[in-house]
Amino acid sequence: METVSEKYMWLKTRCELEFTIEAPTPFVFMLRPRSAVSQWVMQEMYDVQPRIQITEAMDSFGNLCQRLIAPKGDFRIQTSSLIMTADHSDVDHRAEFTPVPELPDEILTYLLPSRYCEADRHNALAMEIVNNAAPGYPQVEAIVDWIREYIEYIPGSSTYPVSAVEVVERRHGVCRDLAHVGISLCRSLCIPARLVVGYLHGLEPMDIHAWFEAYVGERWFTFDATQGNLEGARIAIAYGRDAADVAICNQYGPAVDPSYMFVDVTEEKSESLPRMD
């Protein structure tokens with residue numbers, strides 16, 4: 001069975017962060033989605049208060065990274081974007097396993113164990129989970145079904161990343177944790193997998209969301225154990241091996257947590273879009 005989305009929708013995203021800074025503090029943010037095959041950024045706004053210098057670079061995964069030094073005092077960052085994206089993620093139960101010798105060079109890194117995805121410790125569990133599932137998409141789907149049944153999704157239950165091994169042991173976690181487990185189990189089967197951070201329209205409670213993608217049938221497919229299906233438009237902000245690569249905010253020096261955070265994703269009807277003439 002194959003389901004390819006041919007319907008698209010316009011989403012307006014907003015993200016606001018506020019900090020109280022005790023001393024000048026270096027930050028690296030990942031808050032700018034970029035246009036790709038699955039999404040097109042029509043309009044965006046990125047504002048910081050007070051106004052300071054920002055430089056931007058692209059990391060090794062193609063993510064846009066904004067570097068700045070927040071001054072002492074109240075500091076606020078606000079972003080918004082208007083993006084066209086598919087109204088649901090593609091599904092293809094016939095997508096086959098891609099043998100490692102046939103993988104593109106840039107995909108190989110997503111087979112290796114990483115800080116939060118200890119694939120080398122999940123071989124036996126992965127084989128038990130997939131059992132007689134056909135190699136490829138059905139194996140990943142079996143992994144997602146197992147995570148939904150075995151690990152409880154509790155939004156807000158963790159404020160820092162933990163490893164896939166820890167999540168399996170404690171049997172609950174946030175979206176990022178469940179994605180780490182899926183990634184680790186896929187890599188144990190030589191299926192490349194990566195973490196995605198972004199927005200999901202209709203998510204409850206609304207927040208920055210995390211899911212994972214697996215490389216089968218010679219392309220990336222979306223998987224999300226926190227949701228009952230793959231309905232809902234998604235906007236990717238960042239890709240990486242695990243949470244260490246895709247934090248929307250990295251701060252250096254004495255710890256500074258946001259004093260306020262707001263995330264909103266709403267649908268924009270085509271008739272309300274800004275005119276470009």
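Numbers given to residues run from 1 along each chain, matching the order in which its sequence is written. In view of the model being predicted, local features appear only for residues whose pLDDT reaches at least 70, and side-chain atom pairs are presented and counted only at 80 or more, with totals across whole chains, interfaces and linings using the full set of residues. Where side-chain values are given, they derive from all heavy atoms of the structure, hydrogens and water being excluded.

*Asks:* Could you give me a rundown of unusual backbone geometry, with the residues and numbers involved?
*Replies:* As a rule of thumb, non-glycine residues mostly have phi less than zero, and peptide bonds are mostly trans rather than cis. That bond from Q49 to P50 is cis: its omega, 0°, falls within 30 degrees of zero. Secondary structure elements are taken from DSSP: a helix is a run of H or I of four residues or more, a strand is a run of E of two residues or more, and numbering for both begins at the N terminus. Looking at where P50 falls in the secondary structure, it is placed in the loop between β4 (39–49) and β5 (55–58). E204 connects to P205 through a cis peptide bond whose omega is -10°. Along the chain, P205 falls in the loop between β11 (193–200) and β12 (209–216). With a phi close to 45°, N131 is a non-glycine residue in the positive phi region. For N131, the location among the structural elements is in the loop between α1 (123–130) and α2 (137–150). One non-glycine residue with positive phi stands out, namely E218, at about 65°.

*Asks:* Account for empty space enclosed by the protein, with residues named and values stated.
*Replies:* Rolled over the atoms, a probe sized like a water molecule indicates the empty space that remains. Whether a set of points on the 1 Å grid over the protein atoms alone is a cavity depends on a 1.4 Å probe fitting there but being unable to get out, while an open set qualifies as a pocket with protein on both sides within 12 Å along at least five of seven lines; lining residues are those with an atom within 4 Å of a point. Grid points are joined across faces, edges and corners, and a volume is the space filled by probe spheres set on the points. Applying the stated rule across the entire model yields two cavities of 30 Å³ or more. Its boundaries defined by the atoms lining it, the largest cavity holds a volume of some 40 Å³. Forming the boundary of the largest cavity are T13, L31, R32, P33, E44, M45, T79, S80, S81 and Y199. Under the scheme applied here, ten amino acids are nonpolar (Ala, Val, Leu, Ile, Met, Phe, Trp, Tyr, Cys and Pro), four are charged (Asp, Glu, Lys and Arg), and all others, including Gly, are polar. Of the residues in the lining of the largest cavity, the class split is four nonpolar, four polar and two charged. Lining the second largest cavity are C175, L178, A179, A210, W211, F212, D224, A225 and T226. The set of elements that each furnish at least two residues to the lining of the second largest cavity consists of α4 (175–188) and β12. Its residues assigned to classes, the lining of the second largest cavity shows seven nonpolar, one polar and one charged.

Scope: geometric values only; no functional claims are made or implied.
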